[in-house]
Amino acid sequence: MAAARISKRKLKEDTFIATTLKAWEYVRDNEKRFFIGLVAVVCIAAVAGWAAYARKQSGIKASSYFADALASFRTGDLKTSQDMFTLIAREHGGTEEGAYSSYFLGKCLLETGKYPEAIEAFDRYLSKSARHPFFRDAAMEGKAVSLENEHRYKDAGDAYLELARNLKTNHFMETSYLRSAAENFRNANETEKAIEVLGILLEKAKGTERRDIEIEMEMIRG
């Protein structure tokens, strides 16, 4: 008797069953490896989830503390606001509120005459200002004023000049910053730099103001 012919459907079913059995045997023989991989995936997911939750909670706390610190700053309670901005900048430095707290800390220190500490605070904010640029110009000005009050006239002149050349928001203050730069360079006996800045001002001036700048440049040259 001729061998019975096997239908295509039967062939497919047999292939599927054989493949399934092979896969099951492979998993059984390598179950420890599969289990370790599964645990690793679960751990990675758990860590990622916890990190996201922690960041969210940190942001909520930072926002709340920052609002309280700003309220103290607006009412003139510089001691309280300084302490709070210091805490936020230290504990939540990676947040937007943490970055801006360094700027406001610099403001508090500037207004209380702690100029070296103010410069450090402004620099900490400026190092993060690429991501959080809102107070960039104000921080540069605060740093320049602090340097000037410390009688570091050359550094103050450089800060004012950099600010004038790279303004982000306060463009109407350009000539004022250039004037401050020139005055600080004069105080530092940096004659050539003072004349250079006055030359920039001369190009922007008109009428009697232009004549006054020309006279000032002649006086510096002697």
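Note that this is a predicted model, so its numbers are computed, not measured.

Rules used in this analysis
- Residues numbered from 1 in each chain as written.
- Predicted model: local features only at pLDDT ≥ 70, side-chain atom pairs only at ≥ 80, totals over all residues.
- Heavy atoms only, no water.
- Helix = DSSP H or I, 4+ residues; strand = E, 2+ residues; numbered from the N terminus.
- Contact = heavy atoms within 4.5 Å.
- Areas by Shrake-Rupley, 256 points an atom, 1.4 Å probe, with all protein chains shown as cover.
- Phe/Tyr/Trp six-rings, centres within 6.5 Å; stacked < 30°, edge-to-face > 60°.
- Buried < 20%, exposed > 50% of the residue type's maximum accessible area, 1.4 Å probe, protein only.
- Polar contact = N/O pair within 3.5 Å; in protein donor to acceptor, adjacent residues only side chain to side chain.
- Axes fitted to C-alpha atoms, helices over the stretch in contact; angles between N-to-C directions.
- Parallel < 35°, antiparallel > 145°, perpendicular 65-115°, else oblique.
- Left-handed = near helix turned anticlockwise from the far one by under 90°.
- Nonpolar A, V, L, I, M, F, W, Y, C, P; charged D, E, K, R; others polar.

Caption draft 1: Focus on the overall build of the chain. When helices and strands are tallied, the chain shows 10 helices and 0 strands. Each helix and strand of the chain, ordered N terminal to C terminal, gives the series α-α-α-α-α-α-α-α-α-α. The contacts of the chain with a sequence gap of at least 6 include a subset with a gap of at least 24, amounting to 45%. Carbon together with sulfur atoms contributes 56% to the accessible area of the chain, which is approximately 14500 Å² in total.

Caption draft 2: Representation of the packing of aromatic side chains. Considering all chains together, one arrives at 14 aromatic pairs under this definition. For the pair Phe73 and Phe85, a centre-to-centre distance of 6.4 Å together with 70° between the ring planes defines the contact as edge-to-face. A residue pair is termed long-range when its members are at least 10 positions apart, and Phe73 in helix α2 (residues 31-74) and Phe85 in helix α3 (residues 78-91) qualify at 12 residues. The class for Phe73 is buried, based on a relative accessible area of 18%. Its relative accessible area of 0% is what places Phe85 among the buried residues. What links up through ring pairs into an aromatic cluster is the set Phe66, Phe73, Phe85, Tyr100, Tyr103, Phe104, Phe122, Tyr125, Phe134 and Phe135.

Caption draft 3: Representation of the side chain of Ser101. Position of Ser101 among the secondary structure elements: in helix α4 (residues 96-111). For Ser101, a relative accessible area of 0% puts it in the buried group. Of note is the side chain of Ser101, whose polar atom sits 2.8 Å from the backbone oxygen of Glu97. Ignoring any residue separated from it by four or fewer positions in sequence, one finds Ser101 in contact with Phe66, Phe85, Ile88 and Ala89.

Caption draft 4: Fine view of the packing of helix α6 (residues 136-149) against helix α7 (residues 153-165). Their axes nearest at 8 Å, the elements α6 and α7 cross at an angle of 160°. Put simply, α6 runs roughly antiparallel to α7. Two packed elements cross with a definite hand, and for α6 against α7 that hand is left-handed. Across from Arg136, Asp137, Met140, Glu141, Ala144, Val145, Leu147 and Glu148 in α6, the residues of α7 making contact are Tyr153, Asp155, Ala156, Ala159, Tyr160, Glu162 and Leu163. For the contact of α6 with α7, the per-class residue count stands at 9 nonpolar, no polar and 6 charged.

Caption draft 5: Representation of the environment of Lys107 in the model. Residue position: Lys107 is located in helix α4. The spacing of Lys107 and Leu78 is 29 residues in sequence and 9.4 Å in space, taken between C-alpha atoms. If near-sequence neighbours (up to four positions away) are discounted, Lys107 is found in contact with Phe73 and Phe122.

Caption draft 6: Spatial organisation of the environment of Asp137. Note on placement: Asp137 falls in helix α6. In the structure, Asp137 is positioned 11 residues away from Leu126 in sequence and 9.3 Å away in space, judged by C-alpha atoms.

Geometric descriptors of this kind do not, in isolation, establish any biological role.
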